[in-house]
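# A closer look at the structure
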Amino acid sequence: LPHRYPIMTPLTELEQDALAEIFNVGVGIATASLHAMTGQHVPVSVPEVEMTSLRQARHHFRHREKRPLCAIRQTYVGDFETDAVLMFPEEHQLHLTRMMVGDELPDAELPEVAQDALGELGNIVLNAVISNLASSLGMALEGSIPVVEFLSADEILVHKSTGDCVEDEAAPVLTLMIDFELSAQRVGGYLAFLLDSDSSQTLLRHLGAHIQGN
């Protein structure tokens, strides 16, 4: 039988504010790294943070994004485990690739390097966000090599850390909504952290200690 998760409780206002602050710093570190690498200033919005269930996250993404998504996924293990997924609408992949590789490469060659460029983009963003989360909460995490996929929201939001897809729709998901502005292009980005019950409780326990100043 599939594992059943406890009923999800929303984040408290203090928890939401603390996570938003931590993630905002992590995203800021990522954009500074992208600026140093690409020479482009990448303004971002303050992340909107929510702890929800797999069912609710799928429902949200299904209604917000009817387009195929580009997903860069990394699995992190250590004090807790999560599949971290950075998502953009697939139609923006070449804009993002161009940002990563610069202006010298001909347009016709962009699709050939898109996989590697998007993997590097995901690696920068996810590692910055996760590293700042781990250091802020006093945890240790190690990440896998990024994997780039082009899928629908339903296909993206599955656990793959154990090699099996977890389909229990009550599984906890921590989501971030972020807007990236790339030159004239406004690209809506999403970060989702797929958790199991133990990992979500570990994260919230460390977050509580952080809020209390311990």
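### Notes on the overall build of the protein chain
- Of regular secondary structure, the protein chain possesses six helices and seven strands.
- The linear arrangement of helices and strands in the protein chain, starting from the amino end, is α-β-α-β-β-α-α-β-β-α-β-β-α.
- Here the protein chain holds 214 residues, and 48% of them are scored as buried.
- Put simply, of all contacts in the protein chain between residues at least 6 apart along the chain, 74% involve residues at least 24 apart.

### Description of the packing of helix 3 (residues 93-101) against helix 4 (residues 110-137)
- Axis separation between helix 3 and helix 4 bottoms out at 8 Å; the angle between their running directions is 75°. One element, helix 3, and the other, helix 4, form an angle in the roughly perpendicular class. Side by side, helix 3 and helix 4 meet where Gln93, Leu94, Leu96, Thr97, Arg98, Met99, Met100 and Val101 of the first sit next to Leu110, Pro111, Val113, Ala114, Ala117, Leu118, Glu120, Leu121 and Ile124 of the second.
- Taken together, the residues of the contact of helix 3 with helix 4 sort by class into 13 nonpolar, two polar and two charged.

### Let's talk about the pattern of salt bridges
- As enumerated under the stated definition, the model contains three salt bridges in all.
- Across the pair aspartate 83 and arginine 73 runs a salt bridge, and its minimum N-O distance is 3.4 Å. Within this pair, whereas aspartate 83 is found in strand 3 (residues 82-89), its partner arginine 73 is found in strand 2 (residues 69-78), the two being separated by 10 residues in sequence.
- Residue classification places arginine 73 among the buried positions, given a relative accessible area of 6%.
- Note that arginine 98 and aspartate 107 form a salt bridge whose closest N and O atoms lie 2.5 Å from each other.
- By sharing partners, the salt bridges in this structure join Arg73, Asp83 and Glu149 into a single network.

### Side note on the pairing of strand 2
- For strand 2, the tally of buried residues reaches eight of 10 residues, placing the bulk of the element in the interior.
- Looking at chain direction, strand 2 and strand 3 are connected through eight bridges and run antiparallel. Paired with alanine 71 across the strands is methionine 87, a residue of strand 3.
- Two successive antiparallel strands, strand 2 and strand 3, enclose a turn made up of three residues.
- Examined bridge by bridge, strand 2 and strand 5 (residues 147-151) share five bridges and lie antiparallel to one another. By the bridge assignment, cysteine 70 is partnered in strand 5 with phenylalanine 150.
- Inspection of the sheet shows strand 2 paired to strand 4 (residues 141-143) by three bridges, in the antiparallel sense. Residue pairing for strand 4: glycine 78 is matched across the bridge by leucine 141.

### Side note on the confidence of the model for the protein chain
- Confidence in the prediction for the protein chain averages 81 pLDDT; 85% of positions are at 70 or higher.
- Of all helices and strands in the protein chain, the one with the weakest mean pLDDT is helix 5 (residues 153-156) (71), whereas strand 4 scores best (93).
- Across residues 1-7 the pLDDT falls below 50, and counting only partners more than four positions away or on other chains, this stretch makes 11 contacts in the model.

### Some words on helix 6 (residues 197-211)
- In this model helix 6 runs 21 Å from its N-terminal to its C-terminal C-alpha over 15 residues, within 8% of the 21 Å that 1.5 Å per residue would give.
- When we look at burial in helix 6, the residues that qualify are Ser197, Ser199, Ser200, Thr202, Leu203 and Leu207.
- Looking one or two residues beyond helix 6, the residue adopting positive phi is glycine 213, at roughly 80°.

### Focus on the packing of helix 4 against helix 6
- Relative to each other, helix 4 and helix 6 sit at 60°, their axes nearing to 9 Å. If you check the angle between helix 4 and helix 6, you find them oblique. Between helix 4 and helix 6, the contacting residues are Leu133, Ser136 and Leu137 on the first element and Leu203, His206, Leu207 and His210 on the second.
- Classifying every residue of the contact of helix 4 with helix 6 by side-chain character gives four nonpolar, three polar and no charged.

Procedures and definitions
Residues numbered from 1 in each chain as written. Predicted model: local features only at pLDDT ≥ 70, side-chain atom pairs only at ≥ 80, totals over all residues. Heavy atoms only, no water. Helix = DSSP H or I, 4+ residues; strand = E, 2+ residues; numbered from the N terminus. Buried < 20%, exposed > 50% of the residue type's maximum accessible area, 1.4 Å probe, protein only. Contact = heavy atoms within 4.5 Å. Axes fitted to C-alpha atoms, helices over the stretch in contact; angles between N-to-C directions. Parallel < 35°, antiparallel > 145°, perpendicular 65-115°, else oblique. Nonpolar A, V, L, I, M, F, W, Y, C, P; charged D, E, K, R; others polar. Salt bridge = Lys/Arg side-chain N within 4 Å of Asp/Glu carboxyl O. Pairing = 2+ DSSP bridges. pLDDT = per-residue confidence, 0-100. Expected span 1.5 Å × (residues − 1).

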